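Chain by chain, the residues:
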Amino acid sequence: MQSQGSMSNETVRDFFVVGLRNAHAVENEALTLIDRQLGRIENYPDMAQRLREHRNETEEQQRRLETILESLGESHSTLKDTALSLMGNMAAMGNAMAGDEIIKNTFANFAFENFEIASYRSLIAAAEQGGFTQAVAPLQASLREEQHMASWIEQNIPSITQRHIVREDRGMTAKR
Ligand code: MG
Ligand code: FE
């Protein structure tokens, strides 16, 4: 990578602040997606347990983002978390897939975690570029959580699929 010595400090700071706010909005969307699923997947207790754990991680990720924003003099109380069209696109993608809710949700969750990974990688790069060194460690902690969640989902796609097919074969719904 080339050095970025000619850039304006204001440019990188603005990019970083907007990115932090967007990440906060993404984490809000994550909480909504998790909560929507938690009441509906009692037949997939491993997934439910992992989602509950990740819900706690997500709340901590939001606190990390708020702390970083405050350290930059950007109060998080003014955060306006807007619904991101991307998330609607991901939901639409899920709905376009054949198959049952658990399968769609699993695909959407995997896509979502990978979006978060991209977001945190970008924020870490901006923090390093702008010299916001105190922000790097907490952003890396959140990045690792997203990577672990993505990896857990990926590893569980086969067993969730097979469990779903067995249940279909027995004529069970996702709920029963
Ligand atoms: Mg997250
Ligand atoms: Fe996540």
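Throughout what follows, the structure given in this document is the object of discussion. (Residues numbered from 1 in each chain as written. Chains lettered and ligands numbered in written order. Predicted model: local features only at pLDDT ≥ 70, side-chain atom pairs only at ≥ 80, totals over all residues. Heavy atoms only, no water.)

**Focus: the overall build of the chain**
- Helix and strand counts for the chain stand at five helices and zero strands.
- N-terminal to C-terminal, the α/β element order of the chain is α-α-α-α-α.
- Sorting the 176 residues of the chain into buried and exposed places 39% on the buried side.
- Contacts in the chain between residues at least 24 apart in sequence constitute 78% of all its contacts with a sequence separation of at least 6.
- Carbon and sulfur atoms form 52% of the exposed surface of the chain, whose accessible area is close to 9,800 Å². (Helix = DSSP H or I, 4+ residues; strand = E, 2+ residues; numbered from the N terminus. Buried < 20%, exposed > 50% of the residue type's maximum accessible area, 1.4 Å probe, protein only. Contact = heavy atoms within 4.5 Å. Areas by Shrake-Rupley, 256 points an atom, 1.4 Å probe, with all protein chains shown as cover.)

**What about helix α5 (residues 133-169)?**
- An ideal rise of 1.5 Å per residue puts 54 Å on 37 residues; α5 measures up with 54 Å between its terminal C-alpha atoms.
- Remark: Gly-171 follows α5 within two positions and exhibits a positive phi of approximately 75 degrees. (Expected span 1.5 Å × (residues − 1).)

**As for empty space enclosed by the protein**
- This structure, assessed with the given rule, holds two cavities of 30 Å³ or more.
- Computed from the structure, the largest cavity encloses a volume of approximately 90 Å³.
- Lining the largest cavity are Ala-30, Leu-33, Ile-34, Gln-37, Leu-51, His-54, Asn-109, Phe-112, Glu-113, Glu-116, Met-149 and Ile-153.
- Every element with two or more residues in the lining of the largest cavity is listed here: α1 (9-38), α2 (45-71), α4 (101-130) and α5.
- For the lining of the largest cavity, the per-class residue count stands at seven nonpolar, three polar and two charged. (1 Å grid on protein atoms, 1.4 Å probe; cavity = no way out; pocket = protein on both sides within 12 Å on 5 of 7 lines; lining within 4 Å. Points joined across faces, edges and corners; volume = space filled by probe spheres on them. Nonpolar A, V, L, I, M, F, W, Y, C, P; charged D, E, K, R; others polar.)

**Brief notes about the coordination of the magnesium ion (ligand 1)**
- Summarising the metal site, the magnesium ion (ligand 1) is bound by the protein donors Glu-27 (OE), Glu-27 (OE), Gln-61 (OE1), Glu-116 (OE) and Glu-146 (OE), whose distances to it range over 2.0 to 2.5 Å.
- Positions of the donor residues of the magnesium ion (ligand 1), expressed as sequence spacing, correspond to E-x33-Q-x54-E-x29-E.
- Between the two metal centres, the magnesium ion (ligand 1) and the iron ion (ligand 2), the spacing is 3.0 Å, with Glu-116 acting as a shared donor. Within this pair, whereas Glu-27 is found in helix α1, its partner Glu-146 is found in helix α5, the two being separated by 119 residues in sequence. Summarising the burial analysis for this pair, Glu-27 and Glu-146 share the class buried. (Donors = N, O, S within 2.8 Å, 3.2 Å for Na, K, Ca; no water.)

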